[in-house]
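Residue-level listing of the chains:
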Amino acid sequence: MPELPEVETTRRGLAPHLEGKRIRGVVLRRPDLRWPIPKEIESVLPGQRIDAVRRRAKYLLLDTAAGSALLHLGMTGSLRVLPASTPIGAHDHVDLQLSSGRVMRFNDPRRFGSLLWQPAGETHELLRALGPEPLADEFDGDYLFARSRNRKAPVKTFLMDQGVVVGVGNIYAAESLFRAGISPLRAAGKVSRERYAALAAAVKDILAYAITRGGTTLRDFISPDGAPGYFEQELSAYGRGGQPCPTCGRPLKFANIGQRASVWCGHCQR
DNA sequence: CAAGAGGCCTGAGGGC
DNA sequence: TGCCCTCAGGCCTCTT
């Protein structure tokens, strides 16, 4: 499930294939993904040149002079750059035909992903309420401390709120809280400034490192070498419920928190 | 405003 | 071997 490192890895894989190329045509095999695909994708995008491939939160933005195509990978979305002759497979919903002769193909079995449009100079509604980027300087312990006062929701839920900070999903929330030694069940408003400093540092370290590993869950990758993500080999908590804590050896606890599967160490995380 | 629940969607995996 | 059920979960939207 793509979180920030996977989306960033995708962006880095796509950029050399897309930047400076022109979009020759768009093929939509369904009229909608999570939301209806806006008409501009077919009426405005063809003929545009892609000036840059950017990432904001878990969205990818393909910038053109007319505006930006917004892509979200949802749970199961993937983007690949392929020879135009590559046969269509199941769940291949969208093609962008490139002036290089290749196509960027959007595959998404569960269709939680989206393809949207943002006119030049405007910010799409869905991007407006997003919190800061976790790797930006403005995201730190003091910020988390200030935002969390009087919040009674579990700190894990708070950390996964995209209005608080973007890009941290279930995997990296579990790993960051483990690293910082904070119980995911603790009320967000009851975590000290010092411990939030440790948490912010853990989020930054883990996300940055996961990016260097190519993310956690990308398998069908778009780069020419087809490299998958390797970070899953280094997960301490996520998906390891019942197994020994890497630090103290006691069995890791497992429960749903905020309707999300959660794993933590009842001894090391308080 | 905050918090919790519902819903979207399909493949994987377990049980029988 | 094959069917059925449950689960996975980002994140928007609705309800309380």
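All values reported here derive from a predicted model rather than from experimental measurement. (Residues numbered from 1 in each chain as written. Chains lettered and ligands numbered in written order. Predicted model: local features only at pLDDT ≥ 70, side-chain atom pairs only at ≥ 80, totals over all residues. Heavy atoms only, no water.)

J.: Can you help me understand the layout of surface pockets in this one?
T.: To find the voids left in a structure, one rolls a probe of water-molecule size over its atoms. Taken as a whole, the largest pocket spans an internal volume of roughly 730 Å³. Lining the largest pocket are 22 residues; nearest its centre among them are Lys-58, His-72, Gly-74, Met-75 and Arg-260. Within the lining of the largest pocket, the residues separate by chemical class into 12 nonpolar, six polar and four charged. The two domains that each donate at least three residues to the lining of the largest pocket are domain 1 (4-128) and domain 2 (141-264). (1 Å grid on protein atoms, 1.4 Å probe; cavity = no way out; pocket = protein on both sides within 12 Å on 5 of 7 lines; lining within 4 Å. Points joined across faces, edges and corners; volume = space filled by probe spheres on them. Nonpolar A, V, L, I, M, F, W, Y, C, P; charged D, E, K, R; others polar. Domains from an automatic or database assignment.)

J.: Help me understand the protein's contact with DNA strand B in this model?
T.: Around DNA strand B lies a shell formed by Arg-34, His-91, Pro-109, Arg-110, Arg-111, Phe-112, Arg-151, Lys-152, Ala-153 and Gln-259. For DNA strand B, the fraction of protein-proximal atoms (within 4 Å) that sit in sugar or phosphate groups is 58%. At 2.4 Å, a backbone N or O of Lys-152 approaches a phosphate oxygen of DNA strand B. At 2.9 Å from a base nitrogen of DNA strand B is found a side-chain nitrogen or oxygen belonging to Gln-259. For the surface near DNA strand B, the per-class residue count stands at three nonpolar, two polar and five charged. (Near = heavy atom within 4 Å. Polar contact = N/O pair within 3.5 Å; in protein donor to acceptor, adjacent residues only side chain to side chain.)

J.: Would you mind going over the UniProt feature "domain: Formamidopyrimidine-DNA glycosylase catalytic" (unreviewed entry) in chain A with me for this structure?
T.: Mapped onto the present numbering, the UniProt feature "domain: Formamidopyrimidine-DNA glycosylase catalytic" (unreviewed entry) falls at residues 2-113. Along residues 2-113, the helical share is 17% and the strand share 37%, with 10 Å between the first and last C-alpha atoms. (UniProt positions renumbered as here; feature names shortened; annotations may be inferred. Helix = DSSP H or I, 4+ residues; strand = E, 2+ residues; numbered from the N terminus.)

J.: Any chance you could explain the sheet that holds strand S4 (residues 67-72) here in plain terms?
T.: Strand pairing in a sheet relies on backbone hydrogen bonds. The paired strands run either parallel or antiparallel. Strands sit in the order S2-S3-S4-S8 across an open sheet of four strands; the sheet is antiparallel. Of all strands in the sheet, those bounded by a partner on one side alone are strand S2 (52-56) and strand S8 (114-119). For this sheet the average axis-to-axis angle between neighbouring strands, irrespective of direction, equals 25°. Sheet topology places S2 next to strand S3 (residues 59-63); five bridges connect them, and they run antiparallel. The residue bridging Arg-54 from the neighbouring strand is Leu-61, located in S3. (Pairing = 2+ DSSP bridges. Axes fitted to C-alpha atoms, helices over the stretch in contact; angles between N-to-C directions.)

J.: Help me understand the pattern of salt bridges, please; the structure alone is not making it clear to me.
T.: When the charged atoms of two side chains with opposite charge come close together, those side chains can pair. Counted under the stated rule, the structure contains 15 salt bridges. With a shortest N-O distance of 3.3 Å, Arg-151 and Asp-161 are connected by a salt bridge. Here the residue Arg-151 occupies a position in the loop between helix H4 (141-148) and helix H5 (155-159), and Asp-161 occupies one in the loop between H5 and helix H6 (170-180), the gap between them amounting to 10 residues. Residue Asp-161 is classed as partly exposed on the basis of its relative accessible area of 29%. A network of salt bridges, in which partner residues are shared, links Glu-8, Arg-11, Arg-12, Arg-55, Arg-56 and Glu-133. (Salt bridge = Lys/Arg side-chain N within 4 Å of Asp/Glu carboxyl O. Buried < 20%, exposed > 50% of the residue type's maximum accessible area, 1.4 Å probe, protein only.)

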